[in-house]
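In case you want the letters, here they are:
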Amino acid sequence: MKVSFFDELYHFLPYPMAISQIKGVMKIAGVCDRWMGHPVKEVSNSDMHVIEDMLKRHNINL
């Protein structure tokens, strides 16, 4: 995957730890679900669409 994708994934979405965004990507890839344990917040449905758009813009097919 491209470094620019991870940079955008980390800086563009409003989550304090990158694990939430990475789990969102893993959900899209079919690896796992996106739920997180407290206190980490899972990616919202609207942000999942943002992640899907990022993947498309960076030509990443999962």
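Q: A description of the overall build of the protein chain should follow, citing residues and the corresponding values.
A: The helix and strand tally for the protein chain stands at 3 helices and 0 strands. Its helices and strands in sequence order give the protein chain the pattern α-α-α, from N to C terminus. Whereas a compact globule of 62 residues would reach a radius of gyration of roughly 11 Å, the protein chain reaches 11 Å, a difference of no more than 12%. When the backbone C-alpha atoms are referred to their principal axes, the protein chain occupies close to 35 × 25 × 20 Å.

Q: Outline the packing of aromatic side chains, listing residues and values.
A: The full count for this structure, using the stated rule, is 1 aromatic pair. Over the ring of Trp35 we find Lys23, and its NZ or CZ is 5.2 Å from the ring centre.

Q: Could you give an account of the packing of helix α1 (residues 3–12) against helix α2 (residues 18–29), naming the residues involved and the relevant values?
A: Where α1 contacts α2, the axes come no closer than 9 Å and their chain directions differ by 120°. Taken together, the axes of α1 and α2 lie oblique to each other. Taken as a pair, α1 and α2 cross one another with a handedness that is right-handed. Residues Phe5, Leu9 and Tyr10 of α1 pack against Ala18, Gln21, Ile22 and Val25 of α2. Within the contact of α1 with α2, the residues separate by chemical class into 6 nonpolar, 1 polar and no charged.

Q: Describe the nonpolar core, with residues and values.
A: Counting residues in hydrophobic clusters, the biggest one holds 11 residues: Phe5, Leu9, Leu13, Tyr15, Val25, Val43, Met48, Ile51, Met54, Leu55 and Ile60. For this core, the elements supplying multiple residues, two or more each, are α1 and α3 (45–57). The element contributing the most residues to this core is α3, with 4 residues. With residues near it in sequence (within four places) discarded, Leu13 still touches Glu8, Gln21, Asp47, Val50, Ile51 and Met54.

About the cut-offs
Residues numbered from 1 in each chain as written. Predicted model: local features only at pLDDT ≥ 70, side-chain atom pairs only at ≥ 80, totals over all residues. Heavy atoms only, no water. Helix = DSSP H or I, 4+ residues; strand = E, 2+ residues; numbered from the N terminus. Rg over C-alpha atoms; globule rule 2.2 N^0.38 Å. Phe/Tyr/Trp six-rings, centres within 6.5 Å; stacked < 30°, edge-to-face > 60°. Lys NZ or Arg CZ within 6 Å of the ring centre and 35° of its normal. Axes fitted to C-alpha atoms, helices over the stretch in contact; angles between N-to-C directions. Parallel < 35°, antiparallel > 145°, perpendicular 65-115°, else oblique. Left-handed = near helix turned anticlockwise from the far one by under 90°. Contact = heavy atoms within 4.5 Å. Nonpolar A, V, L, I, M, F, W, Y, C, P; charged D, E, K, R; others polar. Core = buried A, V, L, I, M, F, W, Y, C linked by side-chain atoms within 4.5 Å. Buried < 20%, exposed > 50% of the residue type's maximum accessible area, 1.4 Å probe, protein only.

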